[in-house]
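Fold and contact review
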Amino acid sequence: MGDFMKRGRNVNTKSSKRIRRILLAVLFVALTVFLCIAVWKFSHKYFLNKFYSEERVSNLYDAWDARNYKEVYDISARILEKNFLHNAARTFHGYSAFRLAVSETDNAEYQNLLDEAIINLRIALQYAKEESKPQIEYMLGLSYFYKDVTSVHTDFYKDKDTESQHYYSDLAIKYLLACQNDGFEAKDTFEYLGLSYAGLEETQKSIDAFSHALASRGDSDTLLLAIAEQYCNNNQGGTAKQYLQRAADITKDVDLRLRCKFLLAQIFMEEKEYDEAKKVFEEISEDKSIPGSVRADAHYGLGVICEKKKDMVGARFEWRRALNLDGNHKKSRLKIAEYS
């Protein structure tokens, strides 16, 4: 009886050990499977994201080369959603936002895109490789320059005391000079520098920058006009006239030619060469191909010449002709009211 009970205990012990071994084996297999699944999911997600980003970065370059800036903007935005510190995507997002801004017609959206460009480019600049910094600085300079360009002036006959505000010209200059110091110079760098210095009324620096641009690029109607305007600001009308005549001779842009003529007429007025100014204003006013509002500006100028010569009958006649062409011509209305 004792031997039988002993054998029973041995059987139970062996059975318990076998069950424990089975349970341990099952637990080990379960843990192994769990770890394999976890590692697979992690590695799959890691490599998927890695290849996804690499694919999209290559697409960024392709879209940029194709000048498809909206696609560059969208792809870079998706990459940045996954990786906030992806500097290539950050840089391209800034570049594309700028390109989209300069072609935008809605002023609010224009400013929003420029703000987005500036924010992204400034972040990108902090983490950029040395060889990439000059290009980013150049684009930042352009972005700040365009922050000041919010409207197009349409009043050809401008008073000398017309004021404009340039809040970002100093930052445009800062980054354009930085990109030059770092060895990068685009063909239009000096032109933008000249315009930015003009915004700060640093006339001589503006003239120097424009002259450098003109020397490197050859005659350009826009550059010649810009230099002439700066010489006018510097009370050097005689020199300005030379540039204005060159610009008027080579340009095919009707508006630019008109600007040259109006500025020439104003210089003649300041020099009290009223007969020369009259010739220019009459040439504009008699050209029926020119819009009425522009011809109205010319008649206003003719009226001012009559006013200078104390011919008030002739002056009022010219200002009325201006109002016949443009009923909202404010300067002519004010002059008629003044002498009524």
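These numbers come from a predicted model, not from an experiment.

This part covers the overall build of the protein. Of the regular secondary structure elements, the protein holds 15 helices and 0 strands. Counting over 340 residues, the protein shows a buried share of 41%. Look at the contacts in the protein between residues 6 or more apart in sequence, and 53% of them connect residues 24 or more apart. Entry remark: accessible area of the protein is about 20,500 Å², with carbon and sulfur atoms responsible for 53%.

In this section: the side chain of Thr91. Tracing the chain through its elements places Thr91 in helix H3 (residues 87-102). Beyond its immediate chain neighbours, meaning those up to four positions away, Thr91 contacts Leu121, Ala124 and Ile136.

Turning to the environment of Lys331, a few remarks are in order. Position of Lys331 relative to the elements: it lies in helix H15 (residues 330-338). For Lys331, a relative accessible area of 17% gives the class buried. When the C-alpha atoms of Lys331 and Asp297 are compared, they prove to be 8.9 Å apart, with 34 residues separating the residues in sequence.

Within this structure, the stated rule accounts for 11 salt bridges. Where Lys309 meets Asp275, a salt bridge forms, and the shortest distance between an N and an O atom there is 3.2 Å. A residue pair is termed long-range when its members are at least 10 positions apart, and Lys309 in the loop between helix H13 (292-308) and helix H14 (312-325) and Asp275 in helix H12 (residues 274-285) qualify at 34 residues. Looking at Lys309, the relative accessible area reads 43%, which means it is partly exposed.

Each aromatic ring pair is described using two quantities: the centre-to-centre distance and the angle formed by the ring planes. Counted by the stated rule, this structure contains 15 aromatic pairs. Pairing Tyr61 with Phe92 gives two aromatic rings, centres 4.9 Å apart and planes at 80°, and the pair type is edge-to-face. Of this pair, Tyr61 sits in helix H1 (residues 2-65) while Phe92 sits in helix H3, placing them 31 residues apart in sequence. Residue class for Tyr61 comes out partly exposed when judged on its relative accessible area of 43%. Using a relative accessible area of 8% as the deciding quantity, one classes Phe92 as buried. Feature note: the residues Tyr61, Trp64, Tyr69, Phe92 and Tyr95 constitute an aromatic cluster, connected by ring pairs. Here Arg90 stacks its cationic end above the ring of Phe84, 4.5 Å away from the centre of that ring.

The next subject is unusual backbone geometry. For residues that are not glycine, phi is negative in most cases, and the peptide bond is trans in most cases. Phi is positive for Arg67, close to 60°, though the residue is something other than glycine. Tracing the sequence through the fold places Arg67 in the loop between H1 and helix H2 (69-82).

Looking now at the packing of helix H9 (residues 221-233) against helix H10 (residues 237-250). Describing two packed helices takes the angle between their axes plus the distance from one axis to the other. H10 packs onto H9 with a crossing angle of 160° between their chain directions and a minimal axis gap of 8 Å. Classed by the angle they form, the pair H9 and H10 counts as roughly antiparallel. For the pair H9 and H10, the sense of crossing is left-handed. On H10, the residues touching Asp221, Leu224, Leu225, Ile227, Ala228, Tyr231 and Cys232 of H9 are Gly237, Thr239, Ala240, Tyr243, Leu244, Arg246, Ala247 and Ile250. Of the residues belonging to the contact of H9 with H10, the class tally is 11 nonpolar, 2 polar and 2 charged.

Here we take up the nonpolar core. In this structure, Leu244, Phe281 and Ile284 are the most contacted members of the largest nonpolar core, which totals 86 residues. If you tally residues by element for this core, the top one is helix H11 (residues 254-270), at 10 residues.

Closest axis-to-axis distance for the H12/H13 pair is 8 Å, and the angle between their directions is 155°. Classed by the angle they form, the pair H12 and H13 counts as roughly antiparallel. As for the relative orientation of H12 and H13, their crossing is left-handed in sense. Listed contacts from H13 to Tyr274, Ala277, Lys278, Phe281, Glu282, Ile284 and Ser285 of H12 are Val294, Arg295, Ala298, His299, Gly301, Leu302, Ile305 and Lys308. Of the residues assigned to the contact of H12 with H13, the class counts are 8 nonpolar, 3 polar and 4 charged.

Criteria and cut-off values
Residues numbered from 1 in each chain as written. Predicted model: local features only at pLDDT ≥ 70, side-chain atom pairs only at ≥ 80, totals over all residues. Heavy atoms only, no water. Helix = DSSP H or I, 4+ residues; strand = E, 2+ residues; numbered from the N terminus. Buried < 20%, exposed > 50% of the residue type's maximum accessible area, 1.4 Å probe, protein only. Contact = heavy atoms within 4.5 Å. Areas by Shrake-Rupley, 256 points an atom, 1.4 Å probe, with all protein chains shown as cover. Salt bridge = Lys/Arg side-chain N within 4 Å of Asp/Glu carboxyl O. Phe/Tyr/Trp six-rings, centres within 6.5 Å; stacked < 30°, edge-to-face > 60°. Lys NZ or Arg CZ within 6 Å of the ring centre and 35° of its normal. Axes fitted to C-alpha atoms, helices over the stretch in contact; angles between N-to-C directions. Parallel < 35°, antiparallel > 145°, perpendicular 65-115°, else oblique. Left-handed = near helix turned anticlockwise from the far one by under 90°. Nonpolar A, V, L, I, M, F, W, Y, C, P; charged D, E, K, R; others polar. Core = buried A, V, L, I, M, F, W, Y, C linked by side-chain atoms within 4.5 Å.

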